[in-house]
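Residue-level listing of the chains:
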Amino acid sequence: MLETEKKHYQNTLSFAKQADAADPLARFREKFNLPKDENGNNLIYLCGNSLGLQPKKAREYVAEELNNWAELAVEGHFKAKTPWTTYHEILAKPMADIVGAKPGEVVIMNTLSTNLHLMMVSFYRPTAKRHKIVIESDAFPSDSYAVKSQIKEKGYNPDDSLLLWKPRPGEDLCRFEDLEALMQQHGEEIALVMIGNSNYYTGQKYPIKEITQLGHQYGCKVGFDLAHGVGNIDADLHDNGPDFAVWCTYKYLNSGPGALGGCFVHERHANNNDIPRFTGWWGHKMDSRFNMRVDFDPIEGAEGWQLSNPPILSMAPIRASLEIFAEAGFKNIRTKSKNITGYLEYLINDLNDDRIAILTPTNPDERGCQLSIQVKNADRSMHDGFMQAGIICDWREPDVIRVAPAPLYNSYEDVYEMIQRLKELLAKK
Ligand SMILES: *Cc1c(COP(=O)(O)O)cnc(C)c1O
């Protein structure tokens, strides 16, 4: 089914089953462990925006490294089948493909909030004239804490130095023209534009290229937090040109709770050793890393921001996950994503219930797979009702259900079934 065939959607179980039968990515569902209830029945999992499912191969790859550790001990750094010293390198290419970057622009290290701080150490360099940061008003709490603490650490005050890109009164989404107006007014005072993409609450995808061009036009650095974007939207980081981006791998990238984060530094900064940065031995050039007594000489590109030798046991599940992405192809994933989320949207609209509103943009190019559904007068009991009916989705106060059909493991039938449960819950209210 193609995007253009959207008008052919039907509100029947048989349609959902046919769509699954025709889905070229349907076979990937088998590669994941689906969560089950206490009777061993599969639950319908629509919460990949929060924690992605476990690839079956993750266990094997973790076990392989536990065995290497047991059998080779320190020699595992060089003698393991995939030597630990270069383990992160096999992740760089598939990771770069997903975010549309060159391999040297991407590294997997630390966790998201840590990487965001490291990037701001390098790319938020305030001066008396230019000390402000712009974030979206509904930024994820961790991002907001991180930028405020960076502002304070550099001797400024968030009350003066933090600008919010806000939806207009009575609206839920941010308009690009309002960011343009904000830049026109304050552009010369802004050091960094840092946007979470796509927005964790509304599911809105912000235009990376346009925001980057706008920021650069005013001489600002531009960064993105792709926590909800990576593996979900087409970020095309190299061509779109932001200075940096950071993300986690446990949401749409299915790499396990608290798994390592990713970091992108644009090629234009690859060889600039004058950029201030926090440094550690793993960012030092490989050939002289173990000399121990030489001055810091960074690896070219994103790897030069590494601090520590990486946790191999945490990288092993990422390897399992990225293999699946490489096999499926991100373009195909994005195509199914638009189709399956389009189907979810169609079914919600077909409920014809004026208690329900979709906060997420209707244009598929302005969102990923998640739809944020606002239910008038609903409370947490709605979420509990879903749980009792075997549907896992997520609830945000005060009245929003976030539903994210993940194209690698969700089926059209999952989406259809979820809507049947929603219908039943609404009938009870
Ligand atoms: C999930 C998420 C985080 C989480 O940060 P961690 O450092 O991985 O705990 C941060 N920012 C955004 C926008 C998120 O969606």
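What you see is a predicted model; the values in this text were computed from it and never measured.

For the structure shown, the criterion picks out 25 salt bridges. Its salt-bridge partner being Asp414, residue Arg29 comes within 2.9 Å of it at the nearest N-O pair. Here Arg29 is found in the loop between α1 (13-21) and β1 (32-33), whereas its partner Asp414 is found in helix α14 (residues 412-428), with 385 residues between them in sequence. Exposure remark for Arg29: the relative accessible area of 24% places this residue in the partly exposed category. Since its relative accessible area comes to 6%, Asp414 is described here as buried. Ionic pairing is found between Lys102 and Glu267, a salt bridge with its closest N-O pair at 3.1 Å. With a gap of 165 residues between them, Lys102 in the loop between α4 (87-99) and β4 (106-109) and Glu267 in the loop between β10 (261-265) and α11 (312-328) connect regions that are remote in the sequence. Judged by its relative accessible area of 36%, Lys102 is partly exposed.

Before going further, it helps to examine the nonpolar core. The biggest cluster of nonpolar side chains holds 63 residues, and the ones touching the most others in it are Met95, Val99, Val193, Ile211, Leu226 and Trp247. In terms of residues, this core owes the most to one element, α11, which gives nine residues. Ignoring sequence-local partners within four residues, the contact set of Val193 consists of Val134, Met183, Ile211, Gly215, Cys220, Lys221, Val222 and Gly223. Grouped together as the second largest cluster of nonpolar side chains are 32 residues, Ile348, Phe386, Ile391 and Leu422 included.

Cross-referencing UniProt, the feature "modified residue: N6-(pyridoxal phosphate)lysine" (unreviewed entry) maps to Lys251 in the present numbering. Mapping Lys251 onto the fold places it in the loop between β9 (244-248) and β10. A relative accessible area of 7% places Lys251 in the buried class.

The contact between helix α13 (residues 380-388) and α14 brings their axes to 10 Å, and the two run at 130°. By the angle between their axes, α13 is oblique relative to α14. Considering how the two elements wind past one another, α13 and α14 form a crossing that is right-handed. Residues Met382, Gly385 and Phe386 of α13 touch α14, and the partners they reach there are Met418, Arg421, Leu422, Leu425 and Leu426. Class assignment for the residues of the contact of α13 with α14 results in six nonpolar, one polar and one charged.

Right, let's talk about the UniProt feature "binding site: pyridoxal 5'-phosphate" (unreviewed entry) in the chain for a bit. Mapped onto the present numbering, the UniProt feature "binding site: pyridoxal 5'-phosphate" (unreviewed entry) falls at Leu112, Ser113, Phe140, Pro141, Ser142, Asp143, Asp225, His228, Tyr250, Trp281 and Asn309. Separation in sequence by 198 residues is matched in space for these annotated residues, since their most distant C-alpha atoms are 31.2 Å apart. Checked against the element boundaries, Leu112 lands in helix α5 (residues 112-123). Overall, the relative accessible area of 9% leaves Leu112 in the buried class. Setting aside anything within four residues of it in sequence, one finds Leu112 in contact with Asp143, Asp225, Ala227, Val246, Trp247, Cys248 and Gly261. Here Tyr250 is to be found in the loop between β9 and β10.

Thresholds applied
- Residues numbered from 1 in each chain as written.
- Predicted model: local features only at pLDDT ≥ 70, side-chain atom pairs only at ≥ 80, totals over all residues.
- Heavy atoms only, no water.
- Salt bridge = Lys/Arg side-chain N within 4 Å of Asp/Glu carboxyl O.
- Helix = DSSP H or I, 4+ residues; strand = E, 2+ residues; numbered from the N terminus.
- Buried < 20%, exposed > 50% of the residue type's maximum accessible area, 1.4 Å probe, protein only.
- Core = buried A, V, L, I, M, F, W, Y, C linked by side-chain atoms within 4.5 Å.
- Contact = heavy atoms within 4.5 Å.
- UniProt positions renumbered as here; feature names shortened; annotations may be inferred.
- Axes fitted to C-alpha atoms, helices over the stretch in contact; angles between N-to-C directions.
- Parallel < 35°, antiparallel > 145°, perpendicular 65-115°, else oblique.
- Left-handed = near helix turned anticlockwise from the far one by under 90°.
- Nonpolar A, V, L, I, M, F, W, Y, C, P; charged D, E, K, R; others polar.

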